[in-house]
Amino acid sequence: GDLKADVAAKVGHAVDSHVIKAFEWLGLFTDEPVKATTNLDAVCELMKARPEMYYAPGEKDMIVMKHTYEVEYADRTEYLSTTMVDYGLDDGTTSMSRTVGLPVAIAARMVLEGKITKPGVQIPITGDIYNPILDELEKLGIKFEDQVDKVVRKADL
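Below: a short report on this structure.

A look at the overall build of the chain
Phase 1 of the analysis: For the chain, the helix and strand inventory stands at 5 helices and 3 strands.
Phase 2 of the analysis: In sequence order, the chain lays out its α and β elements as α-α-α-β-β-α-α-β.
Phase 3 of the analysis: For the chain, whose C-alpha radius of gyration is 22 Å, the value lies well above the compact-globule estimate of 15 Å for 157 residues.
Phase 4 of the analysis: For the C-alpha atoms alone, the extent of the chain along its principal axes is close to 60 × 50 × 40 Å.
Phase 5 of the analysis: Within the chain, the proportion of its 157 residues that are buried is 19%.
Phase 6 of the analysis: Taking contacts inside the chain between residues at least 6 apart in sequence as the whole, the part at least 24 apart equals 49%.
Phase 7 of the analysis: Accessible surface, the chain: about 11700 Å² in total, of which carbon and sulfur atoms supply 58%.

Regarding a nonpolar patch on the surface
Phase 1 of the analysis: A contiguous nonpolar patch, built from Trp25, Met47, Met53 and Tyr54 and spanning about 410 Å² of accessible area, is present on the exposed surface.
Phase 2 of the analysis: Relative to the helices and strands, Tyr54 is located in the loop between α3 (39-48) and β1 (62-72).

Details of the sheet that holds strand β2 (residues 76-87)
Phase 1 of the analysis: Taking strand neighbours across the sheet as the criterion, the 3 strands line up as β1-β2-β3 in an open arrangement whose pairing is antiparallel. In this open sheet, the two edge strands, each paired with only one partner strand, are β1 and β3 (144-153). Neighbour-to-neighbour, the strand axes of this sheet turn through a mean angle of 15°, independent of strand direction.
Phase 2 of the analysis: Sitting on the sheet, helix α4 (residues 95-112) touches β1 and β2, and the angle it makes with β2 is about 120°.

Remarks on the nonpolar core
Phase 1 of the analysis: By size, the foremost hydrophobic cluster in this structure holds 9 residues: Ile63, Met84, Ile106, Met110, Ile116, Ile129, Ile133, Leu137 and Ile142.
Phase 2 of the analysis: No other element matches the 3 residues that helix α5 (residues 127-139) contributes to this core.
Phase 3 of the analysis: Among residues more than four places away in sequence, those in contact with Leu137 are Leu102, Pro103, Ile106 and Ile142.

Considering the packing of helix α1 (residues 3-11) against helix α2 (residues 18-26)
Geometrically, a packed helix pair is captured by the angle between its two axes and the distance between the axes.
Phase 1 of the analysis: Their axes nearest at 10 Å, the elements α1 and α2 cross at an angle of 135°. By the criterion of interaxial angle, the relationship of α1 to α2 is oblique. Between α1 and α2 lies a crossing of right-handed hand. Taken together, the residues of α2 that come into contact with α1 (itself represented by Lys4, Val7, Ala8 and Val11) are Ile20, Phe23 and Glu24.
Phase 2 of the analysis: Partitioning the contact of α1 with α2 into residue classes produces 5 nonpolar, no polar and 2 charged.

Quick word on α4
Phase 1 of the analysis: Helix length check: α4 (18 residues) gives 25 Å between terminal C-alpha atoms against 26 Å at 1.5 Å per residue, within 8%.
Phase 2 of the analysis: When we look at burial in α4, the residues that qualify are Ser95, Arg98, Thr99, Pro103, Ile106 and Met110.
Phase 3 of the analysis: In the stretch just after α4, Gly114 is the one whose phi turns positive, near 80°.

Quick look at the packing of α4 against α5
Phase 1 of the analysis: Remark: α4 packs on α5, axes separated minimally by 10 Å, with the N-to-C direction vectors making an angle of 120°. Looking at the two axes, α4 sits oblique to α5. Judged by the sense of rotation from one axis to the other, the crossing of α4 with α5 is right-handed. Of α5, the residues touching α4 (which contributes Leu102, Pro103, Ile106, Ala107, Arg109 and Met110) are Asp128, Ile129, Pro132, Ile133, Glu136 and Leu137.
Phase 2 of the analysis: Residues of the contact of α4 with α5, tallied by class, amount to 9 nonpolar, no polar and 3 charged.

About the cut-offs
Residues numbered from 1 in each chain as written. Predicted model: local features only at pLDDT ≥ 70, side-chain atom pairs only at ≥ 80, totals over all residues. Heavy atoms only, no water. Helix = DSSP H or I, 4+ residues; strand = E, 2+ residues; numbered from the N terminus. Rg over C-alpha atoms; globule rule 2.2 N^0.38 Å. Buried < 20%, exposed > 50% of the residue type's maximum accessible area, 1.4 Å probe, protein only. Contact = heavy atoms within 4.5 Å. Areas by Shrake-Rupley, 256 points an atom, 1.4 Å probe, with all protein chains shown as cover. Patch = residues over 30% accessible without salt bridge, like charges linked within 9 Å, V, L, I, M, F, W, Y side chains within 5 Å. Salt bridge = Lys/Arg side-chain N within 4 Å of Asp/Glu carboxyl O. Pairing = 2+ DSSP bridges. Axes fitted to C-alpha atoms, helices over the stretch in contact; angles between N-to-C directions. Core = buried A, V, L, I, M, F, W, Y, C linked by side-chain atoms within 4.5 Å. Parallel < 35°, antiparallel > 145°, perpendicular 65-115°, else oblique. Left-handed = near helix turned anticlockwise from the far one by under 90°. Nonpolar A, V, L, I, M, F, W, Y, C, P; charged D, E, K, R; others polar. Expected span 1.5 Å × (residues − 1).

Quick look at the structure:
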């Protein structure tokens with residue numbers, strides 16, 4: 001069969017779509033062998049082989065994260081959001097590496113210091129874990145901004 005057409009059909013895009021063209025540009029449809037043990041490693045190798053994928057001197061990445069919440073109380077509903085915008089550093093450290101690696105590093109240190117004592121793998125959904133991590137991230141320049149976007153009082157409905 002036609003690999004490109006088969007992939008296009010599987011992902012729900014036309015063969016001439018920008019998605020399929022990007023797959024082709026990356027080299028996903030060539031017969032060139034890629035040294036990798038997993039599919040993810042294979043895609044990473046293809047990306048590393050494309051100089052266009054590297055940052056130019058002075059270029060930085062940016063991470064934007066926004067969470068929105070709808071909180072219902074007896075007398076009102078509040079619409080809240082928390083937003084984080086972070087940029088890579090001048091020394092070449094990426095925002096992606098900071099916002100992924102630093103929380104894990106802080107948590108690992110907290111385990112070693114005995115500040116996290118829960119057994120097993122924990123997701124940071126309790127304040128005793130996430131508050132100290134967020135506090136330290138803020139000292140490192142990674143900060144979430146919270147705001148109340150709208151309040152609708154039940155009496156107003």
